[in-house]
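Chain by chain, the residues run as shown.
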Amino acid sequence: LTLELPSLACFAMNKRKFEEPKTSSVESHLVSCSPFQPQYEPEEKIRTVVVENFPMLGKAAAWRFLEWVQENPKGVCSLPTGKTPEYFIKWVQRILQGWQTPEIKEEAKAFGLADAKPELDQLTFVQIDEFYPISPQQHNSFHYYVSEYYIKGFGLDPSKALLMDCSKIGLDLTAPSFGPTGEPQDHHQMSMEDVWPDGHVDLTLRTRDPQTRLERLQQRVLRQVDQWCADYEGKIRALGGIGFFMGGIGPDGHVAFNCQGCDHFSTTRMDQLNYASQAAAAGDLGGIEAVRKRKVITIGLGTITFNPDCVALICAAGEAKAQVVQRAVEEAPHVNFPATALHKLPRATFFLTAGAAKLLSRRQLAVLATRQEVDDELVERALVSLCCKRRKRLLDLTEEDLQSCPFAQEVLRRCGRALSSCAAQVRQTLIRKIERGCQVRENAKFLHTEPHHDDIMLGYLPSVLRHTRVSSNQHHFVCATSGFNSVSNKHMLMLLERVERFVASPTFQRLCKVDYFSSNGPSAIDFRRRDVWKFLDGIAAADHELRDEGAARRLVYNLCVIFGDSVADGDSSKLLARVKGLKDYFAKQYAGQKDEKDIQTLKGSCREFEAECVWGYIGWQLPNISHLRLGFYTADIFAPEPTQQRDVLPVLRLLQDLQPDVVTVALDPEASGPDTHYKVLQAVTAALQQYSDETKKKDITVWGYRNVWFRFEPHEVSTIIPVSLQTISTLNHMFLNSFESQRNAEFPAYEIEGPFCAMSQRVQVQQYDMIETCLGYEWFHKHDSPLIRATRGLVFLREMTIEQLLAESRALRQQTENI
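Residues numbered from 1 in each chain as written. Predicted model: local features only at pLDDT ≥ 70, side-chain atom pairs only at ≥ 80, totals over all residues. Heavy atoms only, no water.

Some points on the pairing of strand 10 (residues 311-316)
- Most of strand 10 sits inside the fold, with 6 of its 6 residues counted as buried.
- Taking every second residue as pointing to the same face, both faces of strand 10 are buried, with Val 311, Leu 313 and Cys 315 on one and Ala 312, Ile 314 and Ala 316 on the other.
- Strand direction decides the pairing type here: strand 7 (residues 244-247) and strand 10, joined by 4 bridges, are parallel. Across the sheet, Gly 247 pairs through a bridge with Ile 314, a residue of strand 10.
- Since strand 10 and strand 11 (residues 348-353) lie parallel, the crossover through helix 12 (residues 322-330) that links them has a hand, and here it is right-handed. (Buried < 20%, exposed > 50% of the residue type's maximum accessible area, 1.4 Å probe, protein only. Helix = DSSP H or I, 4+ residues; strand = E, 2+ residues; numbered from the N terminus. Pairing = 2+ DSSP bridges. Right-handed = clockwise from strand over helix to strand, strands pointing away.)

Right under this line is the structure:
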């Protein structure tokens, strides 16, 4: 049951009075504005404050931090990196800059802060963690982040900061060392690159004998790093420990880089990340390969909890964090749940958005108590969840099963109907949704939109396949962004080598004579289709050279267009010089480094070609494929919001040109998956609203879909689409052959170690397992329809009107942007 705070504010004053422990006035104010108590014991083991949305989460944390600063002007603080603190940083700066303004004065009074402006220049800052090895000059290093946003951004004193500069850690080898024959080994004035030439750190050198000179050096450096970590820990404890800690929570529950299974008394150390944390960090470091090479230096859970008076805030936003939050708040302390180490701190608190608090059991009941009526959707949610927990069919549920779940019990009590009646109704509802998913529209125009080039495929490809087989249907596929952030430098080097081989072939010369690589002329679009045909011919024939030629043709064209290098006369010298320069560029770039604008365009064009190959599998090609390259999509850590002129108008023009009957949108909840999904949703929604107002066309059907980032619950959808093993196999073949840049999963999902198509398959199979549990195995495999008998996975879709989409988008925007 989603916690919709705006609708809950009405009962905030009616909740049970509680005795607030001696904590902060900021938290007291937040609780007074919330519909919830700060802690529901015994289920919840730690205080939890729920706020309305992601920006409010940052604002709440900012006021709590500044309150602590007023009380501890010379205190020790540790603050997080990444996107979690985006609004925290903005609000701290806004509050400090506007301290004397009436607006901030009024808020400061409401939050209970003193009149004196908080001064941050006497604070000691402790960096939480860092990758090792990494240069502090890299823009994706945490050292750079804290220096930019906290030391400079907050005006902290750098001389009081304990930072992790990996260009120096462990390299102070002043004591002489000697080789096996007693000769001296000179290692003075070494660089990080000298010790770790490929960036790979082998922690087995802590316990095994080194085999080479380099390994002997690396072992010495490793032990120096370990000593540095011990000294770092000692410095923190000599300061009395950390007074204010703020952090996020990772997909495995990690706090700092203390991953699942970590000792709750751990100290500062160099450690290895588990897969889930590596996958989550891949976006920061430019791919999981770069993450796997490195290790991390992190303060320990024992470091955080050393000071018993530490104010520890764990901030989490979005439904994707709900499961890990529920375990951290409700489970007893255990190494499987790192954040449970904070339960011992009396001043520790979770700051959550409504989505992140969604699964906290007592709060679900509190939300339920505010509802005036219990509708069929809520009954469906309760009973489907109960079936999955008890592993029983709907029709086999008993009163004993119902008594085991307070939420389901209360739902059925409120609806006033017998369990058997409700179970039969939910069963029929699920069957109707599956039957609807078996239907195929005819004589319809589809506009399929996606934030990234693989979102449609991973989200609802089975439905696309069925609807593209109907010749009366028209389809247009549009990707809103160029996707350059997901193309690695290693992949670009491979593509450029293909170009070098292709340019040396007679085919290249023949194509130059017909002006194949020109962007002008009547044959230009046909030539671009031929790039795709050649690539797909190579896949069909299992001819890698033919496949590579198709990709090389398109890349040569893109190079000519982007950089203005002409090959019309067959002279490839300029092109080859460009290729050589680009190879040098990519070889020197560190993973995750922000690229030049032209390079971003080049990388994005590679993703666009991949998408054309995907839809070429099922016979759709240019001009039925569009690449919008919306301007909000950047390589910046805090990307801009969509605008009307730059981002909405391109979608509106498509709607005007195509006049679709069905429009599809990625419909992820607040703060789940990349924020690109949310921003594209806002752009498409705004364009649809304008188009509907202009044309007075209100009968457009909207399909909302999700994929690997987050998934629907059955009660949230209108349509359940059966997926056969044949379709799963087709999806995997299309993905692995067309999306070459994603084949090795440089930016994978944290739930599975493999490409996104494997994650999509897992989601579809898990959704099938859920519905099969509710209906029973025999319902599927003894069904009259071969389509349903063949089902091994399910896709969930939500069909909406434009008005319903607008309402959904507004609610999501309220959760995300604090409007």
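Remarks on the sheet that holds strand 4 (residues 129-132)
- The strand order 4-9-8 describes an open sheet built from 3 strands, whose pairing is antiparallel. Only two strands of the sheet have a single neighbouring strand rather than two, namely strand 4 and strand 8 (269-271). Between one strand axis and the next, the sheet turns through 25° on average, direction left out of account.
- Bridge count for strand 8 against strand 9 (residues 295-298) is 3 bridges, and the pairing is antiparallel. Paired with Met 270 across the strands is Ile 297, a residue of strand 9. (Axes fitted to C-alpha atoms, helices over the stretch in contact; angles between N-to-C directions.)

Digging into the sheet that holds strand 18 (residues 791-800)
- Reading across the sheet, the 7 strands line up as 14-13-12-15-16-18-17 and stay open at both edges, with mixed pairing between neighbours. Only two strands of the sheet have a single neighbouring strand rather than two, namely strand 14 (625-627) and strand 17 (719-724). The sheet shows a mean angle of 25° between the axes of neighbouring strands, direction not considered.
- As paired strands, strand 16 (residues 701-705) and strand 18 are joined by 4 bridges and run antiparallel to one another. Paired with Gly 704 across the two strands is Arg 798, which belongs to strand 18.
- Packed on one face of the sheet, helix 17 (residues 419-438) meets strand 17 and strand 18 and runs near 65° to strand 17. (Contact = heavy atoms within 4.5 Å.)

Here's the deal with unusual backbone geometry
- Along the chain, Glu 41 connects to Pro 42 via a cis peptide bond; the corresponding omega equals 5°.
- Within the secondary structure, Pro 42 is located in the loop between helix 2 (25-32) and strand 1 (47-51).
- In this structure, the amide linkage connecting Tyr 132 to the following residue, Pro 133, adopts the cis form with an omega of -5°.
- Relative to the helices and strands, Pro 133 is located in the loop between strand 4 and helix 6 (142-152).
- Of note in this structure, Ala 256 is not a glycine but carries a positive phi near 55°.

Thoughts on the packing of aromatic side chains
- All chains considered together, the criterion is met by 33 aromatic pairs.
- A centroid spacing of 4.7 Å and a plane angle of 35° characterise the contact between Tyr 516 and Phe 527, whose relative ring orientation is tilted. Of this pair, Tyr 516 sits in the loop between helix 20 (506-513) and helix 21 (524-540) while Phe 527 sits in helix 21, and the two are 11 residues apart along the sequence. The pair formed by Tyr 516 and Phe 527 is uniform in burial state, with each residue classed as buried.
- Site record: aromatic cluster; members linked through ring pairs are Phe 65, Trp 68, Phe 88, Phe 125, Tyr 145, Tyr 149, Tyr 150, Phe 154 and Phe 244.
- The ring of Tyr 87 carries Lys 90 above its face, with NZ or CZ at 5.1 Å from the centroid. (Phe/Tyr/Trp six-rings, centres within 6.5 Å; stacked < 30°, edge-to-face > 60°. Lys NZ or Arg CZ within 6 Å of the ring centre and 35° of its normal.)

Describing the side chain of Gln 364
- Here Gln 364 lies in helix 13 (residues 361-370).
- Of the residues examined, Gln 364 reaches a relative accessible area of 11% and is grouped as buried.

Here we look at the environment of Ala 281
- Position of Ala 281 among the secondary structure elements: in helix 9 (residues 275-285).
- When the C-alpha atoms of Ala 281 and Phe 747 are compared, they prove to be 8.9 Å apart, with 466 residues separating the residues in sequence.
- Setting aside chain neighbours within four positions, we find Ala 281 in contact with Phe 131 and Val 291.

Digging into the pattern of salt bridges
- Here the structure, examined in full by the defined rule, presents 52 salt bridges.
- As a salt-bridge pair, Arg 391 and Asp 769 come within 3.2 Å of each other at their nearest N and O atoms. With Arg 391 in the loop between helix 14 (376-390) and helix 15 (399-403) and Asp 769 in helix 28 (residues 756-775), the pair connects residues that are 378 residues apart, well separated along the chain.
- When salt bridges with common partners are traced through the structure, they connect Arg 498, Arg 501, Arg 547, Asp 548, Glu 740 and Arg 743 into a single cluster. (Salt bridge = Lys/Arg side-chain N within 4 Å of Asp/Glu carboxyl O.)

Digging into the side chain of Arg 498
- Along the chain, Arg 498 falls in helix 19 (residues 489-503).
- Of note is the side chain of Arg 498, whose polar atom sits 2.7 Å from the side chain of Glu 740.
- Those residues in contact with Arg 498, other than ones at most four positions away along the chain, are Arg 547, Asp 548, Ala 551, Ala 552 and Glu 740. (Polar contact = N/O pair within 3.5 Å; in protein donor to acceptor, adjacent residues only side chain to side chain.)

As for helix 23 (residues 573-588)
- A rise of 1.5 Å per residue sets the reference length of helix 23, with its 16 residues, at 22 Å; its end C-alpha atoms lie 23 Å apart and thus fit the reference within 8%.
- Those residues of helix 23 that sit buried are Leu 575, Val 579, Leu 582, Tyr 585 and Phe 586. Down the axis of helix 23, the sector holding all buried residues measures 125°, keeping them to one side. Exposed residues on helix 23 whose side chains face more than 90 degrees from its buried face are Ala 577, Lys 580, Ala 587 and Lys 588.
- On its buried face, helix 23 sits against helix 19, helix 20, helix 22 (544-563) and helix 24 (597-616). (Expected span 1.5 Å × (residues − 1). Arc of directions from axis to C-beta.)

Some thoughts on the confidence of the model for the protein
- Averaged over the protein, the pLDDT score is 92; the fraction of residues at 70 or greater is 94%.
- Note on residues 1-21: pLDDT is under 50 here. Beyond four places in sequence and across chains, it has 49 contacts. (pLDDT = per-residue confidence, 0-100.)

Here we look at helix 20
- Turning to helix 20, its buried residues number three or more, namely Thr 507, Phe 508, Leu 511 and Cys 512. The arc that holds every buried residue of helix 20, seen down its axis, measures 135°, which confines them to one face. Pointing more than 90 degrees away from the buried face of helix 20 are the exposed residues Pro 506 and Lys 513.
- Contacts from the buried residues of helix 20 go to helix 19, helix 21, helix 22 and helix 23.
- Of the residues trailing helix 20, Asp 515 is marked for its positive phi of about 60°.

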